[in-house]
2 protein chains.
Amino acid sequence: MASSSYSNSPCAACKFLRRKCMPDCIFAQYFPPEEPQKFANVHKIFGASNVSKLLNEVQPHQREDAVNSLAYEAEARIKDPVYGCVGAISVLQRQVIRLQKELDATNADLIRYTCNEIPNNTEDGRRIGEGGEGSSSSLNQSLSGFYYPSSPWNNDPCGDAYQRGSNNNM
Amino acid sequence: MASSSYSNSPCAACKFLRRKCMPDCIFAQYFPPEEPQKFANVHKIFGASNVSKLLNEVQPHQREDAVNSLAYEAEARIKDPVYGCVGAISVLQRQVIRLQKELDATNADLIRYTCNEIPNNTEDGRRIGEGGEGSSSSLNQSLSGFYYPSSPWNNDPCGDAYQRGSNNNM
């Protein structure tokens with residue numbers, strides 16, 4: 001549940017913006033005074049005006065999730081000004097592709113085993129349990145369940161640009 | 001490479017902001033006139049001033065990646081005002097956990113097979129190749145390579161709140 005800040009002290013947003021916190025303050029419920037950094041982060045990255053506009057655009061029951069996702073993006077952008085939370089998406093994408101390939105290859109080994117067709121070393125030289133190459137036919141199906149814009153990296157859907165950039169950045 | 005917009009026409013940012021595009025325009029190299037929506041999106045979500053500040057904070061060779069990641073976040077937020085690209089992170093996190101468990105279980109089956117310890121149906125009832133429960137000991141190691149803030153969803157590291165929210169949102 002969202003924190004309630006209808007107390008004597010102004011919400012973190014009104015305190016940050018040095019204004020009186022009115023009972024109908026759109027920020028108060030989601031930016032309690034005990035979490036000042038949460039508003040400071042979203043204000044730095046998105047701006048108070050944009051956050052207010054966005055909260056007014058979504059349904060009241062969705063505002064807490066909207067604020068939490070904005071706070072998450074803002075914190076990630078402050079920690080990594082170049083990639084923000086898109087860096088996490090790139091790494092997770094690459095991890096999903098790698099795991100799917102390993103799973104496909106391991107399942108293929110297991111099926112061959114049930115037919116007693118292979119020795120302890122697989123045909124492509126992998127040792128049992130190491131995983132390896134395989135089709136990722138189920139990957140696109142499993143990624144199709146949410147909105148996903150085209151990759152931010154030119155010709156680099158797996159985020160190698162992020163890895164290179166991070167190396168420069170870290 | 002970043003597009004060069006040192007031409008007769010102003011960059012997409014200066015055109016949007018109705019101002020003269022000077023040779024030293026910080027936006028020109030990354031917001032070419034032929035991509036007006038790219039700047040319109042980041043302006044709507046982050047604000048031109050915040051984008052300009054961020055570009056001045058990062059190294060010149062990192063600015064193109066920074067602009068691309070901002071444009072990616074902005075597009076995702078416009079398409080999904082409640083979760084933005086954090087929704088993609090939640091889905092990818094859940095997918096990584098599921099795939100790691102399936103891979104661990106399939107590797108365990110394969111190792112048991114090499115010892116001829118199990119029939120075609122595994123001890124926990126899964127049919128060969130279906131995957132199932134297993135430890136995810138390698139998950140934390142593989143997720144440790146990039147900055148990753150705590151989950152935006154209270155007690156919901158796998159993004160179930162996102163799934164519920166999406167159902168309400170769609």
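Above this text is the structure in question.
Conventions used here
- Residues numbered from 1 in each chain as written.
- Chains lettered and ligands numbered in written order.
- Predicted model: local features only at pLDDT ≥ 70, side-chain atom pairs only at ≥ 80, totals over all residues.
- Heavy atoms only, no water.
- Helix = DSSP H or I, 4+ residues; strand = E, 2+ residues; numbered from the N terminus.
- Buried < 20%, exposed > 50% of the residue type's maximum accessible area, 1.4 Å probe, protein only.
- Contact = heavy atoms within 4.5 Å.
- Areas by Shrake-Rupley, 256 points an atom, 1.4 Å probe, with all protein chains shown as cover.
- Disulfide = S-S within 2.5 Å.
- Phe/Tyr/Trp six-rings, centres within 6.5 Å; stacked < 30°, edge-to-face > 60°.

Looking only at helices and strands, one finds 7 helices and 0 strands in chain A. Reading the helices (α) and strands (β) of chain A from amino to carboxyl end gives α-α-α-α-α-α-α. Within chain A, buried positions represent 51% of all 170 residues. Across chain A, the fraction of contacts at a sequence separation of at least 24, relative to all contacts at a separation of at least 6, is 58%. Approximately 8500 Å² of chain A is accessible, and the part contributed by carbon and sulfur atoms is 48%.

Before going further, it helps to spend a moment on the state of the cysteines. All names here are of chain A. In the structure shown here, the tally under the stated rule is 0 disulfides over all chains. Lacking any disulfide linkage, C11 is separated from the closest cysteine sulfur, that of C14, by 3.6 Å. For C11, a relative accessible area of 0% puts it in the buried group.

Let's shift gears to the packing of aromatic side chains. Residue and element names in this part refer to chain A. For the structure on display, the rule yields 9 aromatic pairs over all chains. The interplanar angle of 65° and the centroid separation of 5.6 Å between the aromatic rings of F16 and F39 together place this pair among those described as edge-to-face. A residue pair is termed long-range when its members are at least 10 positions apart, and F16 in helix α1 (residues 12-16) and F39 in helix α2 (residues 36-45) qualify at 23 residues. Of the residues examined, F16 reaches a relative accessible area of 37% and is grouped as partly exposed. Summarising the aromatic geometry, the rings of F27 and F31 are spaced 5.9 Å apart at their centres and angled 65° between planes, so their arrangement reads as edge-to-face. Joined through ring pairs, the aromatic side chains of F16, F27, F31 and F39 make up one cluster.

With that out of the way, let us pick up unusual backbone geometry. Within the chain, R18(A) stands out as a residue other than glycine whose phi angle is a positive 50°. For R18(A), a relative accessible area of 77% gives the class exposed.

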